[in-house]
Amino acid sequence: MNLAALIVTGDPALADGLLRLAAAADAHAEVAYGADEARPAWAWPSLILVGADVAEDVAAAGLQRRPGVVLVTGGAAPDAYRLAVEAGAQDVVALPDHEDWLIDAFAAACEPEGGWATALCVVGARGGAGASVLATALGLRAAGTGLRTLLVDADPFGGGIDLLLGLESHEGVRWPDLAERRGRLSTATLRETLPGTGDLSVLSWRRGEPVPVSEEAVRSLFDAAARGFDLVVADVPRHPGDLGRAALRAAAVTFLLVPAEVRATVAADGLAAALRRDTADLRLVVQGPAPGGITPDAVAGVLGLPFAGSFDRDRRLPTAIDSGDLERACRRGPLADFCATVLADLALQPYAYREAV
């Protein structure tokens, strides 16, 4: 396990307190009981916490100046900022007042540096349009190409997107477990605790009445998802609520799925105007066949949206959905071909650094 943080102090109580906070963040930390003991590992970890009791010794040891050094005091320390400057620390924190800050710092230190995930949203123009199926198919296709993918169910009244994949009985974290989450969420913990299949992780709802999810919990989740995955796909309802709007604002692209029907096209016109308030790039997807002969080009002409493509409804899907076997049904067919084209157009690639995580 890689060393995330080095604690430098001769105070056993301070060392124990910091180790406890590291454990709360699932971060690997070790203690050096003086400057000489810290020297061999000084350049490795992302975070170094220097106790005020050894700050002068650290300054005198001539250790290399580097980012990520924090001075930690056990209470009031009038000369803390002088000590921080001498020891090369960029921040000063005091216990117990700044425990939450330190837990976040430990969590950040144990995560590798790298790029951020691409986020996509899928919204249906009407109920039953198939937005959940399209979102799931995109997630499955991306995961099949080696992209670490998170499928987010942003519809608390949608019945649970985990049902589409037969994951409803799998142990793991759901939205109610994160509802009151505060502070930074570890990406490693998120990946390890969510139910999933292969490289696809799924965040859905539990059965029964959904619980409200706090705004801070939503921010924490999307921040962790952006840091820990290559792709995030969110299934967003037509009335998105705070959770859906957060997903839309995080999205690089939002796909509006419109069945090739007159009524669905008219509904999509008003919905598109609302979605544009929260998403930067809204694109049209048309699903056939058209009962009245309306063409994808005609739908695109009415709505005036960038056209991402079209596909015909697969007759195998209703049975696959009811049996929780959408994964097998998405391996081939018009929906699978469409998803492959969309992902190729976005030119998504797995981040190389994550291969070793």
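Residues numbered from 1 in each chain as written. Predicted model: local features only at pLDDT ≥ 70, side-chain atom pairs only at ≥ 80, totals over all residues. Heavy atoms only, no water.

Engineer: Lay out the confidence of the model for the chain with the relevant residues and their values.
Structural biologist: Here the chain shows a mean pLDDT of 89. Residues at 70 or above account for 95%. Considering only residues more than four positions removed or in separate chains, one finds that residues 352-357, a stretch of pLDDT under 50, has 16 contacts. (pLDDT = per-residue confidence, 0-100. Contact = heavy atoms within 4.5 Å.)

Engineer: For the sheet that holds strand E5 (residues 91-94), give the residues involved together with the corresponding values.
Structural biologist: The 5 strands are arranged E2-E1-E3-E4-E5 in an open sheet whose pairing can be described as parallel. Looking along the sheet, the strands with just one partner apiece sit at the ends: strand E2 (29-32) and E5. Within the sheet, the average angular offset between the axes of one strand and its neighbour, ignoring direction, is 25°. With 4 bridges joining them, strand E1 (residues 5-8) and E2 adopt parallel strand pairing. Bridge pairing in E2 places Leu6 opposite Glu30. Sheet contacts for helix H4 (residues 80-87): strand E4 (69-73) and E5; angle to E4, the most-contacted strand, approximately 150°. (Pairing = 2+ DSSP bridges. Helix = DSSP H or I, 4+ residues; strand = E, 2+ residues; numbered from the N terminus. Axes fitted to C-alpha atoms, helices over the stretch in contact; angles between N-to-C directions.)

Engineer: Talk me through the packing of aromatic side chains; I want residue IDs and the actual numbers.
Structural biologist: Under the criterion given, the structure shown has 2 aromatic pairs. Aromatic side chains Phe311 and Phe338 sit 5.1 Å apart centroid to centroid with 40° between the ring planes, which places their arrangement in the tilted category. Here Phe338 lies in helix H15 (residues 334-346) and Phe311 lies in strand E13 (residues 307-312), a separation of 27 residues in the sequence. When its relative accessible area of 6% is taken as the criterion, Phe311 is described as buried. (Phe/Tyr/Trp six-rings, centres within 6.5 Å; stacked < 30°, edge-to-face > 60°. Buried < 20%, exposed > 50% of the residue type's maximum accessible area, 1.4 Å probe, protein only.)

Engineer: Describe helix H9 (residues 215-228), with residues and values.
Structural biologist: Between the first and last C-alpha of H9 there are 20 Å, a value that for 14 residues agrees with the 20 Å anticipated at 1.5 Å per step. Counting buried positions along H9 gives 10 out of 14 residues, so the element sits mostly inside the fold. Turning to H9, its buried residues are Ala217, Val218, Ser220, Leu221, Phe222, Ala224, Ala225, Ala226, Arg227 and Gly228. On its buried face, H9 sits against strand E7 (149-153), helix H7 (175-178), helix H8 (187-193), strand E9 (200-203), strand E10 (231-235) and helix H10 (241-250). (Expected span 1.5 Å × (residues − 1).)

Engineer: Which residues make up the pairing of strand E11 (residues 253-259), and what values go with them?
Structural biologist: Burial runs high along E11: 7 of the 7 residues are buried. Sheet analysis places strand E6 (residues 118-124) next to E11, joined by 5 bridges and oriented parallel. Bridge pairing in E11 links Val122 to Phe255. Taken together, the 6 bridges between E11 and strand E12 (residues 282-288) define a ladder with parallel strand orientation. Across the sheet, Leu257 pairs through a bridge with Val285, a residue of E12. One crossover worth recording links E11 to the parallel E12 by way of helix H11 (residues 262-275), and it is right-handed. (Right-handed = clockwise from strand over helix to strand, strands pointing away.)

Engineer: Break down the packing of H11 against helix H12 (residues 296-303) for me, with residues and values.
Structural biologist: H12 packs onto H11 with a crossing angle of 30° between their chain directions and a minimal axis gap of 10 Å. The chirality of how H11 crosses H12 is right-handed. Counted together, Thr265, Ala268 and Asp269 of H11 and Val299, Val302 and Leu303 of H12 form the full contact between these two elements. Within the contact of H11 with H12, the residues separate by chemical class into 4 nonpolar, 1 polar and 1 charged. (Left-handed = near helix turned anticlockwise from the far one by under 90°. Nonpolar A, V, L, I, M, F, W, Y, C, P; charged D, E, K, R; others polar.)

Engineer: I'd like a rundown of a negative patch on the surface, residues and numbers included.
Structural biologist: The grouping of Asp11, Asp16, Asp36, Asp53 and Asp57 at the surface amounts to a negative patch. For Asp53, the position within the fold is in the loop between strand E3 (47-51) and helix H3 (55-60). According to the relative accessible area criterion, Asp53 is partly exposed, its value standing at 41%. (Patch = residues over 30% accessible without salt bridge, like charges linked within 9 Å, V, L, I, M, F, W, Y side chains within 5 Å. Areas by Shrake-Rupley, 256 points an atom, 1.4 Å probe, with all protein chains shown as cover. Salt bridge = Lys/Arg side-chain N within 4 Å of Asp/Glu carboxyl O. Lys, Arg positive; Asp, Glu negative; His and termini not counted. Charge placed at Lys NZ, Arg CZ, Asp CG, Glu CD.)

Engineer: Please set out the pairing of E3 residue by residue, giving values where relevant.
Structural biologist: With 5 of its 5 residues buried, E3 lies for the most part within the structure. Of the two faces of E3, the one lined by Leu47, Leu49 and Gly51 and the one lined by Ile48 and Val50 are each fully buried. Sheet topology places E3 next to E4; 4 bridges connect them, and they run parallel. Across the sheet, the residue bridging to Gly51 is Val72, located in E4. The parallel pair E3 and E4, bridged by H3, forms a crossover whose chirality is right-handed.

Engineer: So what's going on with the sheet that holds E11? Which residues, and what values?
Structural biologist: Spatially, the 8 strands line up as an open sheet ordered E8-E9-E7-E10-E6-E11-E12-E13, and their pairing is mixed. Every interior strand has two partners, whereas the edge strands, strand E8 (196-197) and E13, have only one. Together, E6, E7, E10 and E11 form the strand contacts of H10, whose direction differs from that of E6 by roughly 130°. Across the sheet, H11 touches E6, E11 and E12, and the angle it forms with E11 is around 165°.

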